[in-house]
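Each chain, letter by letter, is given below.
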Amino acid sequence: MSAIPGTESEMIVTPLRRSPSLARVLPLIALALLALLPFAIGEYFVNLASQVIIAVVFASSLNLLAGYGGLTSLGHAAFLGISAYTSAWLATKLGLGHAITAPAALLVTTLMGMLFGWISLRATGLGFLMLTLALSQIVWGLAYRLVNVTNGDNGISGLTRPHPFGWNLDLSNNYYWFSLLVGALCIWLMKRLVESAFGASLRGTRDQPRRMEALGYHVWAIRWTTFVISSFFAGVAGLLYVWFNKYIHPSVTAVPVSAEALLSVIAGGAGTVYGPALGAVIVVILKNYASAFIERWNMMLGLVFLFIVIFMPAGLVAGLTSAWRRVRGGRA
């Protein structure tokens, strides 16, 4: 409906027309501010920010499955570990360079995602949750028992970081910018995916699977494709993780790692693009920074999560957005 110039209706319609452009500009502004972050903070906080970016990519990959697909998984850490271990093993045992180990790690992780998805999607709901948990535990057990491959409880050490185009990623600032670039690219790709026709069909399988079947959509194939794509992005997070730490241990495939990512998704807002990123920031900061000052940081994390669930059941992004709309409505 068109607005009459000079009337009150025009004052209401005009801001709504400007909101889409504002939504496109704000992420770019945030990315620019994040790129300037190393100039304002010390090396410790730069490394902490790099860990946050890795957690953001990992949580966002799980959000594709749990938030948009409605398939809650407790075994997502398996893909993080498979990618990291594949890269580490090819580098230490075969002496291959990063130009080969990185694509190989992503390929192996994606293939395992195909297999795990084919097995897990035989069930839905609680059955799917238990199958992903069981498969993750198998990976965790193999990481401890296959000593010839994973070096067992000692892990694989002595790893190096890549130097793309001569860019020295051993420097904390450079690795942060590299992680920020990769993380921003991953978020953009996932955003394009969920906003596409495939993303709409994925949300349809989450909300009305029977109706989607009746309309001719192959629900299982859509979910399986999402599972595979989700595993790929988790593999990207695994590469960033192993390059950052230059070390990999079986504990990275454990259930708590998957639980932290799931907590990030729920706290930030499942089914939103930037919600898992906000949740990952809270979880990583409490885990790495607050734990240095507060002995019971796990209890603080639980209290924060409890607060979000009670007062913002849809997550931080939805809660803050709703609060902002109420403020704007009050001002109007």
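A short tour of the structure in this document, coming up. If you're wondering where the values come from, they're calculated on a predicted model, not measured in any experiment.

**Some remarks on the overall build of the protein chain**
No. 1: Within the protein chain, the regular secondary structure consists of 14 helices and zero strands.
No. 2: In terms of overall size, the protein chain behaves like a compact globule, its C-alpha atoms giving a radius of gyration of 21 Å where 332 residues would be expected to give roughly 20 Å.
No. 3: Over its C-alpha atoms, taken along the principal directions, the protein chain stretches across nearly 75 × 55 × 45 Å.
No. 4: Counting over 332 residues, the protein chain shows a buried share of 42%.
No. 5: In the protein chain, 74% of the contacts between residues at least 6 apart in sequence involve partners at least 24 apart.
No. 6: On the protein chain, roughly 17500 Å² of surface is accessible, and the fraction owed to carbon and sulfur atoms is 68%.

**A short note on helix α5 (residues 126–145)**
No. 1: Here α5 contains 20 residues, and its C-alpha end-to-end distance of 28 Å stays within 8% of the 28 Å for a straight helix at 1.5 Å per residue.
No. 2: Three or more residues of α5 are buried, namely F128, L129, T132, L135, S136, V139 and A143. Take α5 and look down its axis: the buried residues cluster within an arc of 135°, on one side only. The exposed set on the far side of α5, more than 90 degrees from its buried face, consists of L126 and R145.
No. 3: Elements that come into contact with the buried residues of α5 comprise α2 (43–68), α3 (77–93), α4 (98–120), α6 (147–150) and α10 (219–245).

**Some points on the pattern of salt bridges**
No. 1: By the definition in use, this model includes four salt bridges.
No. 2: Note that R206 and D207 form a salt bridge whose closest N and O atoms lie 3.0 Å from each other.
No. 3: Looking at D207, the relative accessible area reads 46%, which means it is partly exposed.

**What about unusual backbone geometry?**
The phi angle of most residues is negative, glycine excepted, and most peptide bonds adopt the trans form.
No. 1: Unusually for a residue other than glycine, N151 sits at a positive phi of about 65°.
No. 2: Within the secondary structure layout, N151 lies in the loop between α6 and α7 (172–194).
No. 3: For N151, a relative accessible area of 37% gives the class partly exposed.
No. 4: Phi is positive for K246, which is not a glycine, with a value near 55°.
No. 5: Mapped onto the elements of the fold, K246 is located in the loop between α10 and α11 (255–268).

**Some words on the packing of aromatic side chains**
No. 1: Scanning all chains against the criterion turns up 12 aromatic pairs.
No. 2: Ring centres of W167 and F178 lie 6.3 Å apart, and the angle between their planes is 80°; on these two criteria the pair is classed as edge-to-face. With a gap of 11 residues between them, W167 in the loop between α6 and α7 and F178 in helix α7 connect regions that are remote in the sequence.
No. 3: The exposure class assigned to W167 is partly exposed, which follows from its relative accessible area of 30%.
No. 4: Since its relative accessible area comes to 13%, F178 is described here as buried.
No. 5: A centroid spacing of 6.2 Å and a plane angle of 45° characterise the contact between F178 and W243, whose relative ring orientation is tilted. Of the two residues, F178 sits in helix α7 while W243 sits in helix α10, which places them 65 residues apart along the sequence. When sorted by exposure, F178 lands in the same class as W243, which is buried.

**Digging into the nonpolar core**
No. 1: The biggest cluster of nonpolar side chains holds 65 residues, and the ones touching the most others in it are F58 and I248.
No. 2: When residues in this core are grouped by element, the largest group, 13 residues, is from α2.
No. 3: Not counting residues up to four positions away in its chain, the partners in contact with I248 are A84, Y85, A88, G155, I156, Y241 and V242.

**Topic: α10**
No. 1: Compared with the 39 Å implied by 1.5 Å per residue over 27 residues, the 39 Å span of α10 between its first and last C-alpha is a close match.
No. 2: Among the 27 residues of α10, 19 are classified as buried, and the element is accordingly described as predominantly covered.
No. 3: Taken from the residues just after α10, K246 is the one with a positive phi, measuring 55°.

**Things to note about the side chain of R223**
No. 1: By secondary structure assignment, the location of R223 is in helix α10.
No. 2: Comment: no salt bridge for buried R223; closest opposite-charge side chain is E213, at 7.3 Å.
No. 3: For R223, the residues in contact, after removing those within four places along its chain, are L71, L121, T124, T205 and P209.

How each quantity is defined
- Residues numbered from 1 in each chain as written.
- Predicted model: local features only at pLDDT ≥ 70, side-chain atom pairs only at ≥ 80, totals over all residues.
- Heavy atoms only, no water.
- Helix = DSSP H or I, 4+ residues; strand = E, 2+ residues; numbered from the N terminus.
- Rg over C-alpha atoms; globule rule 2.2 N^0.38 Å.
- Buried < 20%, exposed > 50% of the residue type's maximum accessible area, 1.4 Å probe, protein only.
- Contact = heavy atoms within 4.5 Å.
- Areas by Shrake-Rupley, 256 points an atom, 1.4 Å probe, with all protein chains shown as cover.
- Expected span 1.5 Å × (residues − 1).
- Arc of directions from axis to C-beta.
- Salt bridge = Lys/Arg side-chain N within 4 Å of Asp/Glu carboxyl O.
- Phe/Tyr/Trp six-rings, centres within 6.5 Å; stacked < 30°, edge-to-face > 60°.
- Core = buried A, V, L, I, M, F, W, Y, C linked by side-chain atoms within 4.5 Å.
- Lys, Arg positive; Asp, Glu negative; His and termini not counted.

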